[in-house]
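Descriptive structure summary
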Amino acid sequence: MSEPKPTRTKHKVGLLAQFDQQFAAIDLLPKELVPAVVTLPGGDLTTRCQSIALLRTQLLAAEELTLPCPWLPEVIQQEIATSIKISGVARYCKYNPEVTDALLSDLLVKLEGLQLQTSTLSRQLAIIAEKEALEQLRLALEEIQQQRGSSKKQKHLALNDALRLDIKIQAELNAWIQSVNSAGGQLFKLPDIWSKRLEIWQELEEVFTDLGLVTGLGWDLSQGLFQSHGWMNLVRLQKIVKQIPQLREVIETLGKMKDTEGEPVIEEIISRMSVTFKHQVEITTPLVPMETKGITRSDSISRMLPQEAAFFGHPVLKKLWHARRAEHALLSYAVEGTELITEVTEQEQDYKENKAGNKVNRNRGPMIVCLDTSGSMQGTPENVAKALVLQCISVAKKEKRACFVYLFGSKNEVKEMELTPDKAGLEQMILFLSMSFGGGTDVEGPLNMALERSDEKQWQQADILLVSDGEFSVSSGLSRKISNRKEQRGMSVHGVVIGGRLSPMDKICEPLHQFSSWLDLQNNKYQI
């Protein structure tokens, strides 16, 4: 009984393997990009998947972009890469898959529409070009028949496959070039939403640069989310900081008021020492006969040629031999060899040594900020006060100082948090600066909380900054607590008055900065 032939089974297995290989490239793409790449006309599926995956990798790694779509003419690929570069979006794609995938999705949608458009134009140009080629061929044949005097009727003319393929490729290229020229160099211009995103990202980047912060948050794609998170409020406050340079001066004064003694300064002492080095050197010398290099003249009897020995044995010529030897003129074998010798050298070197010096470190202490957000501070005063807090955060980050903030309004309305320059702290800071209270002003609660915090070991060297319009009363008990801590620890309570009226803050704050000469509250000069 004969065995069944496995031809059909092998054929099925081969087809399955072929399909697996064809669709394996899809795994290189995130699921958000798969539909757009699969339905994209032009090229084969594997080439499209591999090319877009490579482009995505280059954007995420901030690498130089190669030609991204090999099924397109080279000039069009260069146009795509140039559009991505000049858009300014590529720098925000680094390590950010969300932005990268959104950018590629929009580019693929744009590319699909353009390919369909140019495909129609390409077919039209190819038909025209084929007709012109056939007409040229007919005229050429007529000219040949006239030269031969033949009146034979021409058969049906047709172009060969190679010529038709050349015409098709050239027509496709001409169609793309026409599209580029008609678009004025903006064929792959991104949708308008990207301009809005870039504007927001650039403003935020400027703020974070001024603050010396790195977000670590990536770049969100939703403008509404920026608004709800208070990002634009942060931008607005930073603009106020730039418009009022006196805000920086206040914080610089605050920073200089507290120097705390710490560990002794480690001093680096540099002294010069002479160091002896010994090393072996290989030199070439004729004193070590290791190999024969040729003929030379010398006074060596052991290396002289035989003909010189003949002179020495002659009764008359031996005098000539003695004269030639005295002049080192005997013909001899030239020998050469290598020898190891020890060389001794001395060098002066700088010797560094760390020792505790006589000076001590002068470290600046933490900052505790009490910010008034009551009803009387609404509008420009509150914006200026929060801008001052923003500058405190910047100084604390640059000088590696801790910063704690209390937002307060009327009685029992206090929000507190420690601001840290990390991802969680930055998000909290943005939300924190978006908060405010209405109603009256109770300064007793937040100041008592600030004084209690300053009693903790970590905050004992802290200064307190009170920012308000001064529309509150100060009890004798609070004044006494502040005075005691000033005497015991040298604690300073700085005050910033937003407004033009006299304030009871001068009873507890020293120094006291008046903002009425810096800000025209009537005209909202610095209201953004």
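Residues numbered from 1 in each chain as written. Predicted model: local features only at pLDDT ≥ 70, side-chain atom pairs only at ≥ 80, totals over all residues. Heavy atoms only, no water.

Describing the pattern of salt bridges
- Tallied over the full model, the rule gives 10 salt bridges.
- With a closest N to O distance of 2.4 Å, Glu-135 and Arg-138 form a salt bridge. Of this pair, Glu-135 and Arg-138 both sit in helix α6 (residues 97–148), separated by 3 residues, roughly a single helical turn.
- The exposure class assigned to Glu-135 is partly exposed, which follows from its relative accessible area of 35%.
- The closest approach of N and O atoms between Glu-308 and Arg-324, which form a salt bridge, is 2.6 Å. On the criterion of sequence distance, the pair formed by Glu-308 in helix α12 (residues 306–313) and Arg-324 in helix α13 (residues 318–326) is long-range, its members being 16 residues apart. (Salt bridge = Lys/Arg side-chain N within 4 Å of Asp/Glu carboxyl O. Helix = DSSP H or I, 4+ residues; strand = E, 2+ residues; numbered from the N terminus. Buried < 20%, exposed > 50% of the residue type's maximum accessible area, 1.4 Å probe, protein only.)

A short note on the environment of Thr-276
- With respect to the element layout, Thr-276 can be found in strand β1 (residues 260–285).
- Residues Thr-276 and Glu-346 lie 70 residues apart in sequence; the distance between their C-alpha atoms is 4.5 Å.
- Contacts of Thr-276, omitting those with residues within four sequence positions, involve Val-344, Thr-345 and Glu-346. (Contact = heavy atoms within 4.5 Å.)

What to know about the packing of aromatic side chains
- Inspection of every chain in the model, using the stated rule, returns 3 aromatic pairs.
- Seen in terms of ring centroids, Phe-404 and Tyr-406 are 5.1 Å apart; in terms of plane orientation they differ by 45°. Their pairing is tilted.
- Classification of Tyr-406 by relative accessible area gives buried; the value is 1%.
- Just above the ring of Tyr-92 sits the side chain of Arg-91; from NZ or CZ to the centre is 5.0 Å.
- Over the ring of Phe-404 we find Arg-453, and its NZ or CZ is 3.8 Å from the ring centre. (Phe/Tyr/Trp six-rings, centres within 6.5 Å; stacked < 30°, edge-to-face > 60°. Lys NZ or Arg CZ within 6 Å of the ring centre and 35° of its normal.)

Side note on the nonpolar core
- Counting 40 residues, the largest nonpolar core has Leu-103 and Leu-111 as its most contacted members.
- Residue assignment for this core shows that the elements contributing at least two residues are α2 (34–38), α3 (45–60), α4 (74–87), α5 (90–93), α6, α7 (161–182) and α8 (192–211).
- Among the elements that take part in this core, α6 stands out by supplying 8 residues, more than any other.
- Those residues in contact with Leu-103 that sit more than four places away from it in its chain are Leu-59, Ile-84, Val-89, Cys-93, Leu-190 and Trp-194.
- Judged by nonpolar contacts, the second largest core, of 25 residues, contains Met-377, Met-417, Leu-419 and Leu-433. (Core = buried A, V, L, I, M, F, W, Y, C linked by side-chain atoms within 4.5 Å.)

Topic: the packing of α12 against α13
- Where α12 contacts α13, the two axes come as close as 6 Å, and the packing angle between them is 125°. Taken as axis vectors, α12 and α13 run oblique relative to one another. Viewed along their axes, α12 and α13 form a crossing whose handedness is left-handed. Contacts from Glu-308, Phe-311 and Phe-312 in α12 reach Lys-318, Leu-320, Trp-321, His-322 and Arg-324 in α13.
- Its residues placed into classes, the contact of α12 with α13 shows 4 nonpolar, 1 polar and 3 charged. (Axes fitted to C-alpha atoms, helices over the stretch in contact; angles between N-to-C directions. Parallel < 35°, antiparallel > 145°, perpendicular 65-115°, else oblique. Left-handed = near helix turned anticlockwise from the far one by under 90°. Nonpolar A, V, L, I, M, F, W, Y, C, P; charged D, E, K, R; others polar.)

Focus: the pairing of strand β4 (residues 367–372)
- For β4, the buried fraction is high: 6 of the 6 residues fall into the buried class.
- Here β4 shows a buried face lined by Met-367, Val-369 and Leu-371 and a second buried face lined by Ile-368, Cys-370 and Asp-372.
- Here β4 runs beside strand β5 (residues 403–408); their pairing, made up of 6 bridges, is parallel. What sits directly across from Val-369, in β5, is Val-405.
- When β4 meets strand β7 (residues 463–468), the two strands line up parallel, connected through 5 bridges. From the neighbouring strand, Ile-368 faces β7, where its bridge partner is Ile-464. (Pairing = 2+ DSSP bridges.)

Examining helix α14 (residues 380–398)
- For α14, with 19 residues, the first-to-last C-alpha span of 27 Å sits near the 27 Å given by 1.5 Å per residue.
- Burial analysis of α14 places 17 of its 19 residues in the buried class, the great majority of the element.
- A positive backbone phi angle near 55° is found at Lys-400, which sits one or two residues after α14. (Expected span 1.5 Å × (residues − 1).)

Thoughts on the sheet that holds strand β9 (residues 512–514)
- Within the open sheet, the 6 strands sit side by side as β6-β5-β4-β7-β8-β9. Their pairing is mixed. The sheet terminates laterally at β6 (414–419) and β9, the two strands that pair on one side only. Sheet twist, expressed as the mean angle between neighbouring strand axes with direction ignored, is 15°.
- Pairing geometry for strand β8 (residues 493–497) and β9, over 3 bridges, is parallel. Across the sheet, the residue bridging to Gly-495 is Leu-512, located in β9.
- Across the sheet, α14 touches β4, β5, β6, β7 and β8, and the angle it forms with β4 is around 165°.

Things to note about α3
- For α3, spanning 16 residues, the distance from its first C-alpha to its last is 23 Å, which sits close to the expected 22 Å at 1.5 Å a residue.
- Of the residues making up α3, those classed as buried are Leu-45, Arg-48, Cys-49, Ser-51, Ile-52, Ala-53, Leu-55, Arg-56, Gln-58, Leu-59 and Leu-60.
- The backbone nitrogen of Thr-46 has a side-chain oxygen 3.2 Å away, supplied by the residue at the start of α3, namely Asp-44.
- Downstream of α3 by a residue or two, Ala-62 has a phi angle that is positive, lying close to 55°. (Polar contact = N/O pair within 3.5 Å; in protein donor to acceptor, adjacent residues only side chain to side chain.)

Things to note about the packing of helix α16 (residues 444–454) against helix α17 (residues 476–489)
- It is at 11 Å that the axes of α16 and α17 come closest, and there the two elements cross at 25°. Judged by the inter-axis angle, α16 sits roughly parallel to α17. Remark: the crossing between α16 and α17 carries left-handed chirality. Two secondary-structure elements touch here, α16 through Glu-444, Leu-447, Asn-448, Leu-451 and Ser-454 and α17 through Leu-478, Lys-481, Ile-482, Arg-485 and Arg-489.
- Tallied by class, the residues present in the contact of α16 with α17 amount to 4 nonpolar, 2 polar and 4 charged.

Regarding the confidence of the model for the chain
- Chain-level statistics for the chain give a pLDDT mean of 76 and a share of 75% at 70 or above.
- Model confidence for the chain, summarised as mean pLDDT per element, is weakest for helix α9 (residues 223–229) at 44 and strongest for α16 at 91.
- When the criterion is pLDDT under 50, residues 222–229 qualifies, and its contacts beyond four places in sequence or with other chains add up to 13 contacts.
- Long-range and interchain partners of residues 517–528, a stretch whose pLDDT sits below 50, account for 22 contacts in this model, where long-range means more than four residues apart. (pLDDT = per-residue confidence, 0-100.)

Some words on the side chain of Ser-179
- Note on placement: Ser-179 falls in helix α7.
- A relative accessible area of 5% places Ser-179 in the buried class.
- Residue contacts for Ser-179: discarding those within four places in its chain leaves Gln-117, Thr-118 and Leu-187.

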